[in-house]
Amino acid sequence: MRIRFTKMQGAGNDFVVLDETRGVLGLSRAHYRWLADRHFGVGADQILSVRPPPAGATGVDFSYVIHNADGGEVEHCGNGARCFVRFVRDRGLTDRDVIRVQTLNRLLELHWQPDGWVRVDMGAPVFEEERVPFDTTDLQSSRALAMNTWPLELGDAGSRQLAVLSMGNPHAVLWVEDVDATPVHRWGPLIEAHPRFAQRVNAGFAQAVGRDLLRVRVYERGAGETLACGTGACAAVVAGIAQGLLDPVVQVQTRGGPLRIEWQGQRDPRASVFMSGPATRVFEGEVELPDLP
């Protein structure tokens, strides 16, 4: 089968985007892995499938499905949501500045801005550990203002305190003194696959440079370290604000570029998180999919 695709990136987090508004392609997990493969396929952190709104849905413009580089479907991707907006506008699928899209587990409101950036209402963070999900059996938490942190054993690195929350997908945030010196590729897999996270977890490493400036690296579930992770940036900012380390508006420096995160959680922990950042079309193409199981 031959398919058309668009390669996009948001702060270096890159995607293969598929237009399935006229019909679902019916790709297998192996096909998604092949598309994401940087040696044998197109190459991407994730595959985004753009689809019509769910049957019977009102006030929804589109739905989209997200697959990681390992072929598994995931709930949410902030950088992908921004690329989604540019894609549907560039393709002439909509001319709206405000777009509502259904993901696996939440409805997103996406705002196209005059400067070409996209502002995404990421929804409210979830702090209940059982909803992340995170198994706290026999663990003793520590409290930092409005948020618990939990000890997690990381092999030779010993026990580390992590903030655990969900941004529609699971995140663990570890505060470090220097993200560049942190062994992300050693600690990241240990956190991602830790048995206390039943669905695995995105492992974030955050360095507070100032109350309005954060540096973040994220070892993503099913993808490894990426140049940027939108939900990971949001999770780190939320954890920092809840622990009294950050102000409500924060500039986040990722390895792929800047993001702006806003959360008024000190006034209302149920407030939505807003993320703004770039979205770029890299190129378009066609590819012949191999016969895969």
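Note that the structure is a prediction, hence the values are computed from the model and not measured.

Engineer: Even after reading the chapter, I still don't get the pairing of strand β16 (residues 249–254), so can you show me in this structure?
Structural biologist: Looking down a regular strand, the side chains alternate between one sheet face and the other. A one-sided burial pattern is seen for β16, the buried positions being Val250, Val252 and Thr254 and the unburied ones Val249, Gln251 and Gln253. Taken together, the 3 bridges between strand β14 (residues 213–220) and β16 define a ladder with parallel strand orientation. Across the sheet, Leu213 pairs through a bridge with Gln251, a residue of β16. Note that β16 and strand β17 (residues 257–263) share 6 bridges and pair antiparallel. What sits directly across from Val249, in β17, is Glu262.

Engineer: Would you mind showing me how to read the nonpolar core here?
Structural biologist: Formed by 55 residues in total, the largest nonpolar core has its most connected members in Phe84, Leu214, Val252 and Ile261. Of the residues forming this core, the biggest block, 9 residues, is contributed by helix α4 (residues 230–242). Beyond its immediate stretch of four places on either side in the chain, Ile261 contacts Ala233, Cys234, Val237, Pro248, Val249, Val250, Val252, Val273, Phe274 and Met275. Core analysis: the second largest hydrophobic core is formed by 20 residues, Leu174, Val176, Trp187 and Tyr219 among them.

Engineer: It is not clear to me how the environment of Gln199 should be interpreted in this structure. Could you clarify?
Structural biologist: For Gln199, the location among the structural elements is in the loop between α3 (184–192) and β13 (202–210). Assessed through its relative accessible area of 43%, Gln199 is described here as partly exposed. Discounting chain neighbours no more than four positions away, the residues touching Gln199 are Glu75, Pro133 and Arg221.

Reading the values: rules and limits
- Residues numbered from 1 in each chain as written.
- Predicted model: local features only at pLDDT ≥ 70, side-chain atom pairs only at ≥ 80, totals over all residues.
- Heavy atoms only, no water.
- Buried < 20%, exposed > 50% of the residue type's maximum accessible area, 1.4 Å probe, protein only.
- Helix = DSSP H or I, 4+ residues; strand = E, 2+ residues; numbered from the N terminus.
- Pairing = 2+ DSSP bridges.
- Core = buried A, V, L, I, M, F, W, Y, C linked by side-chain atoms within 4.5 Å.
- Contact = heavy atoms within 4.5 Å.

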